[in-house]
Amino acid sequence: MDVSLNFGLDGLRLSLPDAWTVDVLCKRPMPVLADPRGEIENLLDHPADGKPLETLAKGKRSACILICDDTRPVPNGILLPPMIRRLIRAGIEARDICVLVATGLHAPVEGPRLDTLLGTREIPENVRIFNHFARSDADHVNLPPTSGGIPVELDRRFVEAELKLVTGLVEPHFMAGYSGGRKVIAPGVCHERTIRRLHAPALLENSRASLGCLDGNPLHEAQLDILHGLGPVYSVNVVQDEHRRLCFAHFGELEEGHGRAVAFFRKYGEVTVERPYTTVLTSAAGDPLDRTYYQTVKAMVGAMGAVKRGGRIFVASACGEGLGSVEYVEVQKRLVHDGVETFHRRMLARECAEIDEWQTQEQIRAVHWADVVLFAPGLDDEQAKCTGVDVVSDLAAALESWVDKCGDKRVAVVPEGPYVLLQPAENTGIAE
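Notes on the structure in this doc start here. (Residues numbered from 1 in each chain as written. Predicted model: local features only at pLDDT ≥ 70, side-chain atom pairs only at ≥ 80, totals over all residues. Heavy atoms only, no water.)

**Brief notes about the sheet that holds strand β12 (residues 234–240)**
And step 1. Taken in spatial order, the 6 strands of this open sheet run β6-β5-β4-β9-β12-β13, and their pairing is mixed. Taken across any chain shown, the strands that pair with only one partner, and hence form the sheet edges, are β6 (128–131) and β13 (246–253). This sheet shows a mean twist of 15° between the axes of neighbouring strands, independent of strand direction.
And step 2. Set on the sheet, helix α9 (residues 254–269) makes contact with β9 (163–169), β12 and β13; between it and β13 the angle comes to about 160°. (Pairing = 2+ DSSP bridges. Helix = DSSP H or I, 4+ residues; strand = E, 2+ residues; numbered from the N terminus. Axes fitted to C-alpha atoms, helices over the stretch in contact; angles between N-to-C directions. Contact = heavy atoms within 4.5 Å.)

And the structure:
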């Protein structure tokens, strides 16, 4: 049987033995918006809840629009121009409109990559476009701490804007439950100190801080606390199908809109796994998510919803930009040097996370449950050693060798990787 995985820009095709029973786990078909641009225009003028954007903007002197960085395939080229046009029609000067890239602690998006991220040439010249820099004290202001005592420092350009807007793609997220909405604010435009507390080891060790889980999720609750401290925030939250086609959009109050987008995704993107698999083949969702190993960890965690304890997860990820940040590489080196158990014990003793350490914490969650095998042609030998998992150069051969060894020829394939939410049925012996 031939299968195709989301991999880099072009995908990856594999031919699996006919003797295997191959189950392809993917979203149910979503209804695709016939005219995405027209739908967005109409949505901004006739929202399902609340006032039109132009009405909200009247009398305001400034506006800030948060957008995700280029680790998410958000259709900014469709969203930004009509939003900005309405702000200007309402009387806000172009120079008083700020588009702020919510980088969190990721690298800034600049040059041609910024042009690609914006996805349009229709943004007026005087509109200011900035990256968020989490380590710049001068760029942040203090807000009340969360109910859990996390100190809150946010980018002043967003806090001080009279009209606060957010765009976001809603998809499963392995810590926050779902991306989009409040996550673009926190950690998107938080100071490093706040980000490290939001990702504190003890907080993420909570079983509710997990994929697809919002109820009782301490990270989600902290994010909502931060949102509630800002006053009115409005958002355009969208959902896309496996072909990156727009299927759902909502404009209105952020928390309500995010909830509606999550409810839509769940109807199509949650896949119940009735019986655990010994072998799961998955992807890191292709470009842009699989540019680095850092983001690839999401594929491992996502596959836990289908694999039995002691089984094996095979992950295909291009990793054309290597491992990730300098800080993340150092954390991974410590993991390899100290070993999983020692690293984990020392990590949990800290109140605050080291930068990017949270991704390693999630990797530990996956490797505690199942073996992980990585196919990542973009990594060189030294980088491969830092992954802390088994890296192979021939994915098909590694798969066949394992299936022959374990004797279980029933294999799950997840082409979209972490963009599909695998939900174990009750009492299946699958990680939740």
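**A short note on the packing of helix α12 (residues 340–348) against helix α13 (residues 357–369)**
And step 1. For the pair α12 and α13, interaxial distance at closest approach is 11 Å and the crossing angle is 135°. With respect to α13, the element α12 is oriented oblique. Crossing hand, α12 versus α13: left-handed. In this structure, α12 uses Val340, Glu341, Phe343, His344, Met347 and Leu348 to contact α13, whose residues at the interface are Glu357, Thr360, Gln361, Ile364, Val367 and His368. (Parallel < 35°, antiparallel > 145°, perpendicular 65-115°, else oblique. Left-handed = near helix turned anticlockwise from the far one by under 90°.)

**Considerations on the packing of aromatic side chains**
And step 1. Under the definition given, this model contains 6 aromatic pairs.
And step 2. Among the aromatic residues, ring-to-ring pairing joins Phe248, Phe264 and Tyr268 into one connected group.
And step 3. Stacked on the ring of Phe130, the Lys or Arg Arg157 has its end atom at 5.0 Å from the ring centre.
And step 4. Its guanidinium or amino end placed over the ring of Tyr277, Arg410 lies 3.8 Å from that ring's centre, counting from NZ or CZ. (Phe/Tyr/Trp six-rings, centres within 6.5 Å; stacked < 30°, edge-to-face > 60°. Lys NZ or Arg CZ within 6 Å of the ring centre and 35° of its normal.)

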